[in-house]
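A structural walkthrough
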Amino acid sequence: TLANPFGTLDGDEMFGSGPFYFDSMLDGVWYKFNTAPNYHGAEDYPDVRDVDVDGILYTVFTDSNALTIAMNSGDVDTIALLADINTFTNVLGVGSTVPVTKMAVQEPGICDVAINAVPECFDTPTYYDGNPILRDPAVRKAIMMCLDKDYIVNDMLYGLPVMADSVVQPGFWHYTPENQLPFDPMAARQVLIDAGYDNDVDGDGMLEAGPNSLAVIEGWCSVGDELSGIRCQAPDTDPNYFYVAMKWEGDAQDAGVGLEAMQLSEGVMTNLAWYQCDYDIWVWHWGWGPEPIGGALSCWMISEIVTGGDNCQMPMGDWWYNDYNYTNAQAEIGLELDGRWSEFDQVMSEAQRTIDVGDRKLMVDHLQQMIYDSYTEN
């Protein structure tokens, strides 16, 4: 909102780093910025940061067709299409009226599916409201085997994204986990049958918990409870999330699992699903900085399993810590253990203070494998 501070400042005063300053706006319609007359970029970075335009006018379009007409007619020079893949591919893509070369710098991030498996010891009156059957890793494994990632990437999203296999983005720190699950709903059904979910008394195709299932043995459900009514939530900020949930719902039926795809406002999902762990499955997105230990992986530490924490689905499997469950990190990557932490927390703590990049990379790889093997996130 400053009028023109650059008019009275020299480049050596280093007033910010932006090449533009605010001029005027019509809120929600357009925003105008002028080029700073003495932007210090050229002085500090000769022939690199000269600004050769008079300014930038941002215009907000509420209709994607109007936006493409403006692009085709030359009224606008650059456009941003948010989640409108059909417009991008059919109107502005390669071979269309206006071929587009995408040159955008975006945050690292993933489209993420999560299955709620918070252990009983974290269940409080104000934290956690999920289907306890999902605490059985065999159930989570079967549900993940019903996620058709190839269809999502290549059919639904026209092959534009990179297929994710870890919470760490492509690059040096990325690790492709071993034992990748195939998309195979019928094999997933067999996984469930082998795990004791081998009944379908009412003949509706949904499997039911038997006496030998882990969920019954642990008291999470009763004999005869169906693998149905499992909420699969998606925010309304991007229709593709809900399309994924609906596709997943249909494929899971073949495995004898009843998912219920539902679309909610992102505000509701943030305050309930995320902050209070009130969800069964979600399809969402999250992003972080480039350093995996500081963002993409640290949210799995036990300290984040709290109301309003960065994570509401871990820990589970063989690495949450309590009086009878210690870690096996020493055997796997040779860490010295003292029994005070979960295996995940122990490896994370060691990685945070390991200076050697190669040694730290092994630990980061191990953490990514642990997340994948939990069948809670994909």
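Data block above holds the structure.
A brief look at the structure comes next. Bear in mind the structure is a predicted one, so any value in this text is a computation, not a measurement.

Procedures and definitions
- Sequence positions are assigned chain by chain, starting from 1 and proceeding in written order.
- Confidence filtering applies because this is a predicted model: local features only for residues at pLDDT of at least 70, side-chain atom pairs given and counted only at 80 or more, and all residues used for totals across whole chains, interfaces and linings.
- Side-chain descriptors were evaluated using all non-hydrogen atoms of the structure, hydrogens and water having been removed beforehand.
- As used in this record, nonpolar core signifies buried Ala, Val, Leu, Ile, Met, Phe, Trp, Tyr and Cys residues forming a set joined through side-chain atoms within 4.5 Å.
- Throughout this description, buried means an accessible area under 20% of the type-specific maximum (1.4 Å probe, protein chains only), exposed means over 50%, and partly exposed covers the range between.
- Helix and strand assignments come from DSSP, with helices taken as H or I runs of at least 4 residues and strands as E runs of at least 2, each series counted from the N terminus.
- The contact criterion used throughout is that any non-hydrogen atoms of two residues lie within 4.5 Å.
- Only the stretch in contact is used when fitting a helix axis, every axis being a line fitted to C-alpha atoms; angles between N-to-C directions are given from 0 to 180 degrees.
- Angle categories: roughly parallel below 35 degrees, roughly antiparallel above 145, roughly perpendicular from 65 to 115, and oblique for all the rest.
- Each crossing gets its handedness from the near helix: less than a right angle anticlockwise from the far helix is left-handed, clockwise is right-handed.
- Two strands qualify as a pair provided that DSSP identifies no fewer than 2 bridges between them.
- Polar here means any residue outside two lists: the nonpolar Ala, Val, Leu, Ile, Met, Phe, Trp, Tyr, Cys and Pro, and the charged Asp, Glu, Lys and Arg; Gly therefore counts as polar.
- Each Phe, Tyr or Trp ring, with Trp reduced to its six-membered ring, pairs with another whose centre is within 6.5 Å; inter-plane angles below 30 degrees give stacked pairs, above 60 give edge-to-face pairs, and intermediate values give tilted ones.
- Working rule: Lys NZ or Arg CZ, within 6 Å of ring centre, within 35 degrees of ring normal, means a charge sits over the ring.

Observations concerning the nonpolar core
Of all hydrophobic cores here, the largest spans 42 residues; its most connected members are Ile143, Tyr197, Trp248 and Val257. Secondary structure elements with two or more residues in this core: strand 4 (109-115), helix 4 (137-144), helix 5 (149-156), helix 6 (185-194), helix 7 (214-217), strand 5 (230-235), helix 8 (239-254) and strand 7 (281-287). A per-element tally of this core places helix 8 first, with six residues. If we ignore the near neighbours within four places in the chain, the residues touching Trp248 are Val113, Ile143, Met144, Cys146, Leu147, Cys232, Leu259, Ile281 and Val283. Listed in part, the 21 residues of the second largest apolar core include Ile110, Val167, Ile293 and Leu367.

Thoughts on the environment of Phe61
Residue position: Phe61 is located in the loop between strand 3 (55-59) and helix 2 (64-73). Phe61 gets classed as partly exposed once you look at its relative accessible area, which sits at 31%. It is 7.7 Å that separates the C-alpha atoms of Phe61 and Val29, two residues lying 32 residues apart in sequence. Residues contacting Phe61, with those up to four places away along its chain left out, are Ala66, Leu67, Ala70 and Val76.

Here's the deal with the packing of helix 11 (residues 343-352) against helix 12 (residues 357-373)
When two helices pack together, their arrangement is given by the angle between the helix axes and by the axis-to-axis distance. Following both chains from N to C, one finds helix 11 and helix 12 inclined at 155°, their axes separated by 9 Å at the closest point. Comparing the axis directions of helix 11 and helix 12 gives the class roughly antiparallel. Every pair of crossing elements has a handedness; the one defined by helix 11 and helix 12 is left-handed. Contacts between helix 11 and helix 12 involve Glu343, Phe344, Val347, Met348, Glu350 and Ala351 from the former and Arg360, Met363, His366, Leu367, Met370 and Ile371 from the latter.

Topic: the environment of Ala83
Assignment of secondary structure puts Ala83 in the loop between helix 2 and helix 3 (85-90). Placed 154 residues apart in sequence, Ala83 and Thr237 show a C-alpha to C-alpha distance of 8.8 Å.

Concerning helix 4
With six of its eight residues buried, helix 4 lies for the most part within the structure. Within helix 4 the residues assigned to the buried category are Ala138, Val139, Arg140, Ala142, Ile143 and Met144.

Points about the pairing of strand 4
Burial within strand 4 is extensive, with five of its seven residues counted as buried. Taken together, the seven bridges between strand 4 and strand 7 define a ladder with antiparallel strand orientation. Pairing of Asp112 across the sheet is with Trp284, part of strand 7.

A few points about the packing of helix 4 against helix 6
Relative orientation of the contacting elements helix 4 and helix 6 amounts to 170°, with a least axis distance of 8 Å. Viewed along their axes, helix 4 and helix 6 adopt a mutual orientation that is roughly antiparallel. Contacts between helix 4 and helix 6 pair Ala138, Val139, Lys141 and Ala142 from the former with Ala188, Val191 and Leu192 from the latter. Its residues assigned to classes, the contact of helix 4 with helix 6 comprises six nonpolar, no polar and one charged.

Details of the packing of aromatic side chains
For the structure on display, the rule yields seven aromatic pairs. Ring geometry for Phe22 and Phe33: centres 5.8 Å apart, planes at 75°, overall edge-to-face. Separated by 11 residues along the polypeptide, Phe22 in strand 1 (residues 20-26) and Phe33 in strand 2 (residues 30-35) bring together distant segments of the chain. The class for Phe22 is partly exposed, based on a relative accessible area of 26%. Ring geometry for Phe33 against Tyr58: centres 5.9 Å apart, planes inclined by 90°, an arrangement best described as edge-to-face. One end of the pair, Phe33, is in strand 2; the other, Tyr58, is in strand 3, with 25 residues separating them in the sequence. Through a chain of ring-to-ring contacts, the aromatic side chains of Phe22, Phe33 and Tyr58 assemble into a single cluster. Lys247 extends its terminal NZ or CZ atom over the ring of Tyr151, reaching a point 4.7 Å from the ring centre. Lying across the ring of Phe172, Lys361 places its NZ or CZ 5.8 Å from the centre.

It is worth stressing that arrangement in space is one thing and function is another; only the former is reported here.
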